[in-house]
Amino acid sequence: MSDSHQQPTHQQATLDLSIALLERPSVTPDDDGCQDILSERLKQAGFDCEFMYYGDRQAKGEHAEVKNLWARRGTTDPVICFAGHTDVVPTGDEKNWTYPPFEPTIADGYLWGRGAADMKTGIAAFTIAAERFVANHPEHNGSIAFLLTSDEEGPSINGTVKVIETLEARQEKITYCLVGEPSSTDTLGDIIKNGRRGSLGAELTVIGKQGHVAYPHLASNPIHAAMSALAELTSTAWDNGNDYFPATSLQISNINGGTGATNVIPETLNVVFNFRFSTETTEDELKAKTHAIFDKYFTDSKASYNINWKLSGQPFLTPEGKLVSACQNAIKSVTGTDTTLSTSGGTSDGRFIAPTGAQVVELGVRNATIHQVDEKVEVDDLGKLAQIYEGILENLLLD
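Residues numbered from 1 in each chain as written. Predicted model: local features only at pLDDT ≥ 70, side-chain atom pairs only at ≥ 80, totals over all residues. Heavy atoms only, no water.

As recorded by an unreviewed UniProt entry, the protein chain carries the name Succinyl-diaminopimelate desuccinylase and is attributed to Psychrobacter pacificensis. Turning to the protein chain, the UniProt record has this under Pathway (unreviewed entry): "Amino-acid biosynthesis; L-lysine biosynthesis via DAP pathway; LL-2,6-diaminopimelate from (S)-tetrahydrodipicolinate (succinylase route): step 3/3." (UniProt positions renumbered as here; feature names shortened; annotations may be inferred.)

**With respect to the UniProt feature "active site" (unreviewed entry) in the protein chain**
Summarizing the sequence annotation, UniProt attributes the feature "active site" (unreviewed entry) to Asp87 and Glu152 in the numbering used throughout. In summary, the annotated positions, though distributed over 66 residues, converge in three dimensions, the widest C-alpha pair being only 6.9 Å. Residue classification places Asp87 among the buried residues on the basis of a relative accessible area of 0%. Those residues in contact with Asp87 that sit more than four places away from it in its chain are Ser26, Thr28, Thr149, Ser150, Asp151, Glu152, Glu153 and Gly154. A distance of 2.8 Å separates a polar atom in the side chain of Asp87 from a polar atom in the side chain of Thr28. Tracing the sequence through the fold places Glu152 in the loop between strand 6 (143–149) and helix 4 (160–169). Among all residues touching Glu152, those that are not within four sequence positions of it are His85, Asp87, Glu181, Thr347, Ser348 and Asp349. (Buried < 20%, exposed > 50% of the residue type's maximum accessible area, 1.4 Å probe, protein only. Contact = heavy atoms within 4.5 Å. Polar contact = N/O pair within 3.5 Å; in protein donor to acceptor, adjacent residues only side chain to side chain. Helix = DSSP H or I, 4+ residues; strand = E, 2+ residues; numbered from the N terminus.)

**What about helix 9 (residues 380–397)?**
In this model helix 9 runs 27 Å from its N-terminal to its C-terminal C-alpha over 18 residues, within 8% of the 26 Å that 1.5 Å per residue would give. The element helix 9 is extensively covered by neighbouring structure, given that 15 of its 18 residues are classed as buried. (Expected span 1.5 Å × (residues − 1).)

**Remarks on the sheet that holds strand 19 (residues 376–378)**
With antiparallel pairing, three strands are arranged side by side in an open sheet as 4-5-19. Each end of this open sheet is capped by a strand with a single partner; those strands are strand 4 (105–107) and strand 19. Each strand of the sheet is rotated relative to its neighbour by a mean of 25°, with strand direction disregarded. (Pairing = 2+ DSSP bridges. Axes fitted to C-alpha atoms, helices over the stretch in contact; angles between N-to-C directions.)

**Comments concerning the nonpolar core**
Core analysis: the biggest nonpolar cluster contains 54 residues, and Phe47, Ile144, Phe146, Tyr389 and Ile392 have the highest contact counts within it. Apart from the residues within four sequence positions on either side, Ile144 is in contact with Phe47, Ala71, Arg72, Arg73, Ile80, Phe82, Phe133, Val134, Leu393 and Leu397. Counting 24 residues, the second largest nonpolar core, distinct from the first, contains Leu200, Leu204, Val206 and Ala229. (Core = buried A, V, L, I, M, F, W, Y, C linked by side-chain atoms within 4.5 Å.)

**Points about the pattern of salt bridges**
Where charged atoms from two side chains of opposite charge approach closely, those side chains can pair. Per the stated rule, a full pass over the model turns up 15 salt bridges. Residue Glu168 is joined to Lys173 by a salt bridge in which the shortest nitrogen-to-oxygen separation is 3.1 Å. You can call Lys173 partly exposed: its relative accessible area is 41%. Ionic pairing is found between Lys287 and Glu283, a salt bridge with its closest N-O pair at 2.9 Å. Residue Lys287 and its partner Glu283 are located together in helix 6 (residues 283–298), separated by four residues, close to a single helical turn. Residue class for Lys287 comes out partly exposed when judged on its relative accessible area of 22%. Assessed through its relative accessible area of 18%, Glu283 is described here as buried. Each of Glu50, Arg72, Arg170 and Glu172 takes part in salt bridges that share partners, so that together they form one network. (Salt bridge = Lys/Arg side-chain N within 4 Å of Asp/Glu carboxyl O.)

**Some details on the environment of Asn270**
Mapping Asn270 onto the fold places it in strand 14 (residues 268–277). Classification of Asn270 by relative accessible area gives partly exposed; the value is 32%. Sequence-wise, Asn270 and Ile223 are 47 residues apart; in three dimensions their C-alpha atoms are separated by 9.1 Å. Once you skip the residues sitting within four places of it in the chain, Asn270 turns out to touch Leu204, Thr205, Asn254, Ile255 and Asn256.

**Side note on the domain arrangement of the protein chain**
Per the domain assignment, the segments of the protein chain are domain 1 (10–196 + 316–397) and domain 2 (198–313). Summarising the inter-unit geometry, the C-alpha centres of domain 1 and domain 2 are found 37 Å apart. Each partner contributes residues to the interface: domain 1 has 12 residues there, and domain 2 has eight residues. Here domain 1 and domain 2 share an interface that buries about 720 Å² over both sides, 60% of which is from carbon and sulfur atoms. For the interface between domain 1 and domain 2, the tally reads zero salt bridges. Remark: the boundary between domain 1 and domain 2 carries two residue pairs in polar contact (both at pLDDT 80 or more). Counting residues per element, the ones that place at least two in the side of domain 1 that touches domain 2 are strand 16 (316–317) and helix 8 (350–353). Split into classes, the residues belonging to the side of domain 1 that touches domain 2 amount to four nonpolar, five polar and three charged. (Domains from an automatic or database assignment. Buried area = accessible area lost by both parts, 1.4 Å probe. Nonpolar A, V, L, I, M, F, W, Y, C, P; charged D, E, K, R; others polar.)

Right, dumping it as structure tokens:
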């Protein structure tokens with residue numbers, strides 16, 4: 001790995017690029033020029049850069065056009081891909097921020113701004129790492145790639161998933177993928193995500209018959225009809241997890257029923273719930289068990305139900321091996337930290353990349369302030385993260 005006297009070079013370069021990206025108000029799905037900045041730098045480092053656009057240029061919302069960048073240097077295997085997103089979540093009321101969210105500010109040892117943790121500093125760090133590595137090893141083995149989208153914080157339908165479909169169609173495979181999401185908890189590199197739980201959402205509609213509360217025999221209350229099934233649903237043990245994943249969990253996030261009147265039995269009840277599931281169960285098994293529960297209580301009921309399912313991602317796991325070891329060793333070399341593997345948290349775009357057969361891990365800055373007002377990241381961690389990423393490249397691409 002690079003000598004310690006180069007640390008200020010990593011630090012300043014990563015900080016400067018981070019600030020340039022943070023100044024762009026790239027609220028999803030708007031990239032606002034971030035990928036242009038990055039592609040120009042990558043071209044100078046010998047990368048072939050390709051913009052991929054998906055969605056409707058005239059549309060708004062989830063069907064709006066999304067800008068994606070696929071950049072690659074090299075033509076042989078293994079292909080090490082840095083993956084990330086240039087879009088950020090909305091800021092909310094900017095008056096609640098200590099510093100304007102799109103005017104990156106260094107104060108109290110932190111870099112403040114929307115996207116500081118999630119995840120523009122991660123993108124800056126792996127860009128600097130790639131530049132440094134290529135400068136030191138222009139004839140390196142294998143290939144280095146970047147997959148960047150502006151659709152990660154949104155519906156995620158015209159971003160990474162579409163790029164992967166395109167790469168698969170032309171048989172362009174990723175061997176190792178490093179997602180720069182903020183994985184660290186207490187100190188830089190203390191946690192890396194080597195997998196994620198699957199996410200299966202459900203929208204339940206129960207249909208009864210509207211009526212007067214004083215004449216329940218003339219109506220069918222969908223709330224009453226669903227109560228026993230929902231109680232069993234929330235008390236069911238779906239699996240016990242395994243060495244890498246906690247047990248599958250279910251949470252009800254929304255219940256809506258009633259007309260607003262106190263003397264009217266409603267016709268419909270709407271319930272939204274979500275499974276975060278381990279590799280011990282499958283999407284089909286969860287659906288079948290759920291329907292079995294509801295069928296048991298609705299067979300003789302005057303009410304009926306239907307469920308609209310939405311799979312956001314399958315669970316994936318990268319077991320200990322070459323990529324995990326490369327990350328652990330690089331982190332240890334830079335920070336002295338013994339890294340813990342984890343599959344906790346939500347989903348990431350890694351869920352679209354892992355099914356291709358790639359090994360996938362997530363490694364980035366601390367996640368304490370992601371999506372919050374006053375999002376920030378420790379300034380001193382930026383150069384260290386770039387060194388870690390560069391070390392991973394060295395561990396995987398140098399003999």
